[in-house]
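# Coordinate analysis (summary)
Single-letter residue listing:
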Amino acid sequence: MKQLSQPDKALDYIAEHPGCSLTEIIRATKIPRKSLASLLNKLASDRTLRREGETGKYRYYLCNPGQKRVTAKSRPANYNHNEVNPLTTLFNERLASVRSGRASA
């Protein structure tokens with residue numbers, strides 16, 4: 001069974017418990033306090049959720065509780081390991097020029 005991401009855990013909990021506090025979400029999801037606070041700030045600024053109350057005593061609500069959430073799916077890296085990364089080549093060229101004392105502006 002696939003585990004939910006931290007944002008999904010938090011949003012699922014808020015959807016099931018509108019008006020919950022940061023402490024309640026931490027207890028239920030086991031997400032570290034600093035990570036969760038940062039996540040909730042981002043979700044509030046993205047208008048995925050809203051928070052009400054005084055600083056430190058916020059209550060959290062989904063902005064559109066009936067709307068289906070779209071979660072980001074991770075994609076495999078599109079990288080050919082048989083090719084040299086052009087940025088690595090550029091970096092190595094610049095490093096060699098700096099070390100030899102002929103750096104260009």
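All of the points below concern the structure found in this document. (Residues numbered from 1 in each chain as written. Predicted model: local features only at pLDDT ≥ 70, side-chain atom pairs only at ≥ 80, totals over all residues. Heavy atoms only, no water.)

### Quick notes on the pattern of salt bridges
The cut-off we apply is this: Here, a salt bridge means any side-chain nitrogen of Lys or Arg that lies within 4 Å of a carboxyl oxygen of Asp or Glu. Numbering of helices and strands runs from the N terminus; a helix is a DSSP stretch of H or I covering at least four residues, while a strand is a stretch of E covering at least two. For every residue, the accessible area (1.4 Å probe, protein chains only) is compared with the maximum for its type, and the residue is labelled buried under 20%, exposed over 50%, or partly exposed between those bounds.
Following the criterion strictly, the structure yields 3 salt bridges and no others. Salt-bridge contacts for Glu24 lead to Arg59; the nearest nitrogen and oxygen are separated by 3.4 Å. Of this pair, Glu24 sits in helix α2 (residues 22–29) while Arg59 is found in strand β2 (residues 59–62), placing the two residues 35 residues apart along the sequence. Of the residues examined, Arg59 reaches a relative accessible area of 35% and is grouped as partly exposed. Residue Arg50 pairs with Glu52 through a salt bridge whose shortest N-O separation is 2.9 Å. Using a relative accessible area of 36% as the deciding quantity, one classes Arg50 as partly exposed. Of the residues examined, Glu52 reaches a relative accessible area of 36% and is grouped as partly exposed.

### Topic: the environment of Leu40
Rules: For this analysis, residues touch if any pair of their heavy atoms sits within 4.5 Å.
Its place among the elements puts Leu40 in helix α3 (residues 33–45). The exposure class of Leu40 is buried, given its relative accessible area of 0%. Separated by 29 residues in the primary sequence, Leu40 and Leu11 have C-alpha atoms spaced 9.2 Å apart. When sequence neighbours within four positions are dropped, the list of residues in contact with Leu40 reads Ile14, Leu22, Ile25, Leu49 and Tyr60.

### A short note on unusual backbone geometry
With a phi close to 65°, Lys30 is a non-glycine residue in the positive phi region. Tracing the backbone shows Lys30 in the loop between α2 and α3. Owing to a relative accessible area of 68%, Lys30 belongs among the exposed residues under this scheme.

### Quick notes on the pairing of β2
Our working rule: Two strands are counted as paired when DSSP detects at least two bridges linking them.
Residues Tyr60 and Leu62 point to one face of β2 and are all buried, whereas Arg59 and Tyr61, pointing to the other face, are not buried. As paired strands, strand β1 (residues 49–52) and β2 are joined by 4 bridges and run antiparallel to one another. What sits directly across from Arg51, in β2, is Tyr60. Taking the residues between adjacent antiparallel strands as the criterion, β1 and β2 are bridged by 6 residues, where Gly53 takes a positive phi near 115°.

### Examining the packing of α2 against α3
How we decide: An axis is simply a line fitted to the C-alpha atoms; with a helix, the fit covers only the stretch in contact. Between two such axes, the angle follows the N-to-C directions and lies from 0 to 180 degrees. Any angle from 65 to 115 degrees is called roughly perpendicular, while one under 35 is roughly parallel, one over 145 is roughly antiparallel, and all others are oblique. It is the rotation of the near helix from the far one that decides the hand of a crossing: anticlockwise by less than a right angle makes it left-handed, clockwise makes it right-handed. In this classification, Asp, Glu, Lys and Arg are treated as charged, Ala, Val, Leu, Ile, Met, Phe, Trp, Tyr, Cys and Pro as nonpolar, and every other residue, Gly included, as polar.
Relative to each other, α2 and α3 sit at 120°, their axes nearing to 10 Å. Comparing the axis directions of α2 and α3 gives the class oblique. In the packing of α2 onto α3, the handedness of the crossing is right-handed. Of the residues in α3, those touching α2 at Leu22, Thr23, Ile25 and Ile26 are Arg33, Leu36, Ala37 and Leu40. Considering only residue class, the contact of α2 with α3 consists of 6 nonpolar, 1 polar and 1 charged.

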